[in-house]
Each structure stands twice: as C-alpha cells, then as structure tokens.
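Structural overview for review
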Amino acid sequence: MTSKNVFTIEGLAGKKTLKGSIPVYGAKNNVLKVMAAAILIEGESKFTNVPNIADVTSLGRILEGLGAFVTHKGSELTVSAKGLSGSVLDPVLAKSMRASIVLIGPLLARLGSVTFPHPGGDVIGERPIDIFISGFQKLGASYLESGDSYTLSAPNGISGGEIFFRIVSVTATETFMMAAPLAKAPITLKNCAMEPEIVALAEFLKSCGANIEGAGTPTIIIHPSTLTQPTSAFAIVPDRIEAATFLALGAIAGEELTVTGVISEHLDAVLEILHMMGAMLTVGKDSITIRAPQTLNSVKLRTHEYPGFPTDAQAPMMVALTQAEGESTVVETIFNGRLNYTTELVSMGAKIAVVNPHRATVKGKTPLKARDIDGPDIRAGLAYILAAAIADGTSHVGNAHLMDRGYEAIEKRLAGVGLKITRS
Ligand code: EPU
C-alpha cells in the first residue's frame, strides 16, 4: 500500500447513527464521454458540475497528448480541440480506463484514423471490443492489428448505414453516436443502451449542432451535420451510482441521511429495491432522504441495462443485503467477474455463497467484523467502505487510489454525515 492510499474506518457496530446531507457530484460516466465528444469540435467546450476524480485527470492527459488543451478548475472543465492533430492514444493512460475506448469514435470521424491499445479499467470480467471493430468495419473503416495496438482508418470519412448491437453496450452506443455526426450519410443504431448518461451525451452533441433522434430509446438515428462550438456550458448529470451507494449506506446505517443533488427518476430501479427492503424513503425532486428500518427484508435483485438495476450499484447493495433478514438472491447479468469481491465480505462475516459467476445468495442478517482489505475496483472498493462502516471494530480499506478514479473526496463526504473515516 502506498502512502495516503488507505482508509481507516471505525465501524458503527450496527448502530444507525449517520445523519445529515451528503452531496452527489457529477457522473464519471457522463463527464468522460462529453470530454471525448469535445474533440469533434474545432473550438472550445465548457463543462460544469465536473467531479474532481482521477479518471478525468487521466483522460485530460490523453486529450492533451493528442493536441487538445484541457483546463480543470474547481468543478469547471474546458476542452479546446482546435489544434487536435494526434490520432494515437497514449497506451499507458488508455489502458488505465475503459472509457478511453470511446475516443476511437470522434478521432476516426475527425482525423480519419485512430490507433489504440486494448482499453483497461476495472477487473470485473471480460471486456471485449469486438462490437466496436465490426461496427466501424461495417461503416467502411479498415482495421489493422499490430502487436498490442489496433488501428482503424477511414481517410475519406465513415459511411452511413445501420448497426445492430448484438449486445446492449453503453460505451459502444456512445462511441458510434459520437462518430456519426461527421459521417457521410445517416447512421441508424439499433439495440442501443438507454442510460441517462447516453441521453446527456446526445444533449451535449445537439448543443454542438448534431442532429440526433431517439437517444434514451433502443433506436438512435444520427444525420450528418456540421458541428460548431457550443454557445453555453454543459452541466454534467448527477452520478446515479454515487447516489445509489449512499442510499445503500443509509439503508443500513442512516438515522436520517439526505442524499442531495440527484435526479430521482434516474434511480427508479434502486428506489424500488430499497422500498422492497423496507427502507424508509422520502423522495424529493433533487434529494432523497433515507432512514434505516429496524428490520430489512431480503429481496431478489437482478442487474440489468438501464432502466433496470445498475451493475455498478450491485456491490454496495450486496453489503446492504447482508443486513436483511432471510435469503436474498443477486443475479449479475452484465459482467462475469463482478461477484469476486464477495470473498472479502465473507471474511468479515457475511453469509454470501457465489453459486456461479452470475449468481449469489446472501443469508442475513449477519453482523460484520472489522478487517484490513484492499478495494479491488471502484465500486467494490466503495462496498468495502460500506461494510467497514457497519462492522464492529476498526477496518483498513486499501487501494484508495482506485476509489479516487470515480469518487471525489469520498472520505470527506462520509465524514460529513458522521462516519469516522480518515485517509493515511
Ligand atoms: N461487450 C462485448 N463486446 C463489446 C463490448 C461489450 O461483448 O465489444 C459486452 C461486455 O463484456 C459486457 C456487456 O457487453 O458483458 C455490456 O458491457 P458495456 O459495453 O455496456 O460496458 P462498458 O460500456 O464497457 C459501461 C460503464 C461501466 C458499467 C457498464 C454497464 C463506462 C466507462 N463504463 O461499461 O461502468 O458497468 O457500462 O452499465 O461508461 C464503472 O463506472 O465502475 C463501470 C464499470
């Protein structure tokens, strides 16, 4: 563990004392995509409600390596891509996050070529890129693999056409949506992901002059258009995964926790599960208050593409289910490595049985005991913080740098509602 990379958390030993307001910041999975989209424009794009997270810094460095200028002050970020010239992604930075894959759309469309490594990111199962490659080939791009890098070329521009995604994919939907405005003819995307971050990306592209119909539905049609500098700043949508994580904490440790700065309609599936578990919820327009009940009910939870229950909120909700009476079932339908983190929860006393890579059962309620554990990825790392928060004793959760990829100043926000958490 490197310095300042470990959270020390004094567990509440089952007490439900967290109280006050906890703010949700801008969504990682929106800001990274609009930053990528900004390189389509020979001008400046301004963003507000930008979280101060490591992935934003890394993507900013990738963009600067391609000839763009990026400034990030407080919660405002500017991308100026007039001088964009490079089409080769820095392999080390690109491998540090899955989101780098979306850059291949705008780069191919604007510069006619892009060279990139296999994108990295969380170790949550297989994360292939076949849909991206076959889709661009269908739109007339040529494809070359050389050693560790891939190159797509379309020097005369990508053609129009129709792409049916064989699997619903968030980043694939976004990547083609970004490339399409500069194509030679309309592009129809079918079986698209419908996440709020996709709708937000479409709104940003429209503010630059793109002609996009259907974002937020399974079929998106994009007509060619000239893109220009947007006239106003674009506000990043609130992070519904942060909100879900804080709500899961509230369900097990909240005397009265108010999660602020949310769009509650983006959280329908999460709120439904919490409601079934018996959490006491007051849903406002942009805030949600939650109180932990005496007894939580077990539930059957199944992750699903939006508007279903988000896979990114599965791990924190698993921690909440360890405190529910009876047997819950969790079915993870998106990724095949996203139940691996449960072994550490078991070592803390949880009764979780992984039946197969996609299914786990949780028997509750079990008290958790403090442990020293390393967070394996952004979301499971937060789940460990939640587990440590309700455990008996003092836990250390390492790999804070992974949680910094997606959560700004997480320890300050949790300390603000009464959790004893420090970083060293
Ligand atoms: N898939 C393929 N081939 C492809 C692309 C995807 O088979 O070419 C499969 C994947 O293996 C997976 C499924 O399609 O089984 C769906 O994955 P998707 O492509 O939607 O995931 P992603 O776009 O790589 C984004 C988020 C993830 C989030 C998922 C699902 C970003 C940068 N990442 O990933 O967020 O879990 O959608 O909602 O937007 C996180 O923020 O912690 C995170 C992992």
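Quick caveat, the model's predicted, so the values are computed rather than measured. (Residues numbered from 1 in each chain as written. Predicted model: local features only at pLDDT ≥ 70, side-chain atom pairs only at ≥ 80, totals over all residues. Heavy atoms only, no water.)

1. Quick notes on the pairing of strand β21 (residues 359–364)
Sheet topology note: the strand β19 (residues 324–331)/β21 ladder contains six bridges and is antiparallel. Pairing of threonine 329 across the sheet is with threonine 361, part of β21. Here strand β20 (residues 351–356) pairs with β21 via five bridges, running antiparallel. The residue of β21 that forms the bridge with valine 354 is alanine 360. Connecting the antiparallel pair β20 and β21 is a turn made up of two residues. (Pairing = 2+ DSSP bridges. Helix = DSSP H or I, 4+ residues; strand = E, 2+ residues; numbered from the N terminus.)

2. Some words on the domain arrangement of the chain
Interfaces are often sized by the amount of accessible area the parts lose when they come together. Examined at the domain level, the chain breaks down into domain 1 (7–25 + 238–423) and domain 2 (28–235). Taking only C-alpha atoms, the centre of domain 1 and the centre of domain 2 are 31 Å apart. Facing the 21 residues of domain 1 at the interface are 23 residues of domain 2. Approximately 1900 Å² of surface area, both sides summed, lies buried where domain 1 meets domain 2, with 49% of it carried by carbon and sulfur atoms. (Domains from an automatic or database assignment. Contact = heavy atoms within 4.5 Å. Buried area = accessible area lost by both parts, 1.4 Å probe.)

3. With respect to the pairing of strand β4 (residues 69–73)
When β4 meets strand β5 (residues 76–80), the two strands line up antiparallel, connected through five bridges. Bridged to threonine 71 within β5 is threonine 78. The loop that links β4 with its antiparallel partner β5 comprises two residues; one of these, glycine 74, has a positive phi angle of about 60°.

4. Observations concerning the packing of aromatic side chains
Taken as a whole, this structure holds seven aromatic pairs when the rule is applied. Each ring, one from phenylalanine 47 and one from phenylalanine 234, has its centre 6.5 Å from the other, and the planes form 80°; the classification is edge-to-face. Of this pair, phenylalanine 47 sits in strand β3 (residues 44–48) while phenylalanine 234 sits in strand β13 (residues 234–235); the two residues are 187 residues apart in sequence, bridging distant segments of the chain. Classification of phenylalanine 47 by relative accessible area gives buried; the value is 1%. Overall, phenylalanine 234 belongs to the buried group, its relative accessible area being 13%. Ring geometry for phenylalanine 116 against tyrosine 150: centres 5.4 Å apart, planes inclined by 65°, an arrangement best described as edge-to-face. (Phe/Tyr/Trp six-rings, centres within 6.5 Å; stacked < 30°, edge-to-face > 60°. Buried < 20%, exposed > 50% of the residue type's maximum accessible area, 1.4 Å probe, protein only.)

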